[in-house]
Amino acid sequence: TDTAGAHLGGGAAGEPERASQGGRSARPRDGGGGKGLVTKAVKLLVHFPGIAARITGAQLTQLDMNDDAGSRFLFELVDGLQQEPAANTAVLLTRWRERPEGARMTILAQEELPGIDESGAALELASAISSLALEPTLRRHQELIDKGELSDDERAELRELNVAMARSKGRP
């Protein structure tokens, strides 16, 4: 669900958003301001369907490993575009017109992407996928922090998560 309440990957409108592990609701994908990362990524793909070809197998696997409904939808969209490229936005929207996500994709196609060319869109898409891939790690890290009293195994897991998060930010 994006910040305007539109659903992009998952249940129908009006269904509650799926809770993440531990019964807590998933945190906004962009820190709470503006549209979520899934919406941003879908908008980039709608405007530049050819950028799906630039997503590596490793990046696609990162999406596939995320159990979030939006990430699964984005995986399906990118994978579909890699298997059967769309020459342009109209071709892509035609393929999705019978699916629930098709209406929202059409709305995103009507929104402008000022100052972004195909190369920039590809970089932004890769960045969004990287951020989405890190979300399960961030969620688990926060669960352990919130728990307070940790077992030895949980403390070791927290250290490993700290190292993984530092590496993802380019720190050794």
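Refer to the preceding data block for the structure.
Below you will find a few notes about this structure. (Residues numbered from 1 in each chain as written. Predicted model: local features only at pLDDT ≥ 70, side-chain atom pairs only at ≥ 80, totals over all residues. Heavy atoms only, no water.)

**Considerations on the pattern of salt bridges**
Note on pairing: side chains with opposite charge can pair once their charged atoms come close. Applying the stated criterion across every chain, the model contains 12 salt bridges. Ionic pairing is found between Glu 84 and Arg 95, a salt bridge with its closest N-O pair at 3.8 Å. Of this pair, Glu 84 sits in the loop between α3 (69–83) and α4 (89–96) while Arg 95 sits in helix α4, and the two are 11 residues apart along the sequence. For Arg 95, a relative accessible area of 33% gives the class partly exposed. A salt bridge links Glu 143 to Arg 140; the shortest N-O distance between them is 3.2 Å. Residue Glu 143 and its partner Arg 140 are both found in helix α6 (residues 118–147); the two are separated by three residues, about one turn of the helix. (Salt bridge = Lys/Arg side-chain N within 4 Å of Asp/Glu carboxyl O. Helix = DSSP H or I, 4+ residues; strand = E, 2+ residues; numbered from the N terminus. Buried < 20%, exposed > 50% of the residue type's maximum accessible area, 1.4 Å probe, protein only.)

**Re helix α5 (residues 100–110)**
Among all positions of α5, only Glu 101, Gly 102, Arg 104, Met 105 and Leu 108 are buried. The arc that holds every buried residue of α5, seen down its axis, measures 170°, which confines them to one face. Exposed side of α5, more than 90 degrees from the buried face: Ala 103 and Gln 110 are the residues found there. The secondary structure elements touched by the buried residues of α5 are α1 (37–47), α3 and α4. (Arc of directions from axis to C-beta. Contact = heavy atoms within 4.5 Å.)

**Comments concerning the environment of Pro 136**
Position of Pro 136 relative to the elements: it lies in helix α6. A relative accessible area of 27% places Pro 136 in the partly exposed class. Sequence separation between Pro 136 and Asp 68 is 68 residues, and the spatial gap between their C-alpha atoms is 8.9 Å.

**Re the side chain of Asp 68**
For Asp 68, the location among the structural elements is in the loop between α2 (57–65) and α3. The exposure class of Asp 68 is buried, given its relative accessible area of 11%. Side-chain polar atoms of Asp 68 contact the backbone nitrogen of Gly 70, separated by 2.9 Å. (Polar contact = N/O pair within 3.5 Å; in protein donor to acceptor, adjacent residues only side chain to side chain.)

**Quick notes on the packing of α1 against α3**
The contact between α1 and α3 brings their axes to 10 Å, and the two run at 15°. When the axis of α1 is compared with that of α3, the two are roughly parallel. Seen from above, α1 lies across α3 with left-handed handedness. In this structure, α1 contributes Val 38, Ala 41, Val 42 and Leu 45 to the contact, and α3 contributes Gly 70, Ser 71, Phe 73, Leu 74, Leu 77, Val 78 and Leu 81. (Axes fitted to C-alpha atoms, helices over the stretch in contact; angles between N-to-C directions. Parallel < 35°, antiparallel > 145°, perpendicular 65-115°, else oblique. Left-handed = near helix turned anticlockwise from the far one by under 90°.)

**Some points on the nonpolar core**
Residues Val 42, Leu 45, Leu 74, Leu 77 and Met 105 are the most contacted members of the largest nonpolar core, which totals 31 residues. Contributing elements (two or more residues each) for this core: α1, α2, α3, α4, α5 and α6. Top element by residues in this core is α1. It accounts for seven residues. Beyond its immediate chain neighbours, meaning those up to four positions away, Leu 77 contacts Val 42, Leu 45, Leu 92, Trp 96 and Met 105. (Core = buried A, V, L, I, M, F, W, Y, C linked by side-chain atoms within 4.5 Å.)

**Some words on the environment of Leu 113**
Within the element layout of this structure, Leu 113 appears in the loop between α5 and α6. Each C-alpha atom of the pair Leu 113 and Lys 43 lies 8.5 Å from the other, and the pair is 70 residues apart in sequence. Residues in contact with Leu 113, not counting those within four places in the same chain, are Lys 43, Leu 44, His 47 and Phe 48.

Geometric descriptors of this kind do not, in isolation, establish any biological role.
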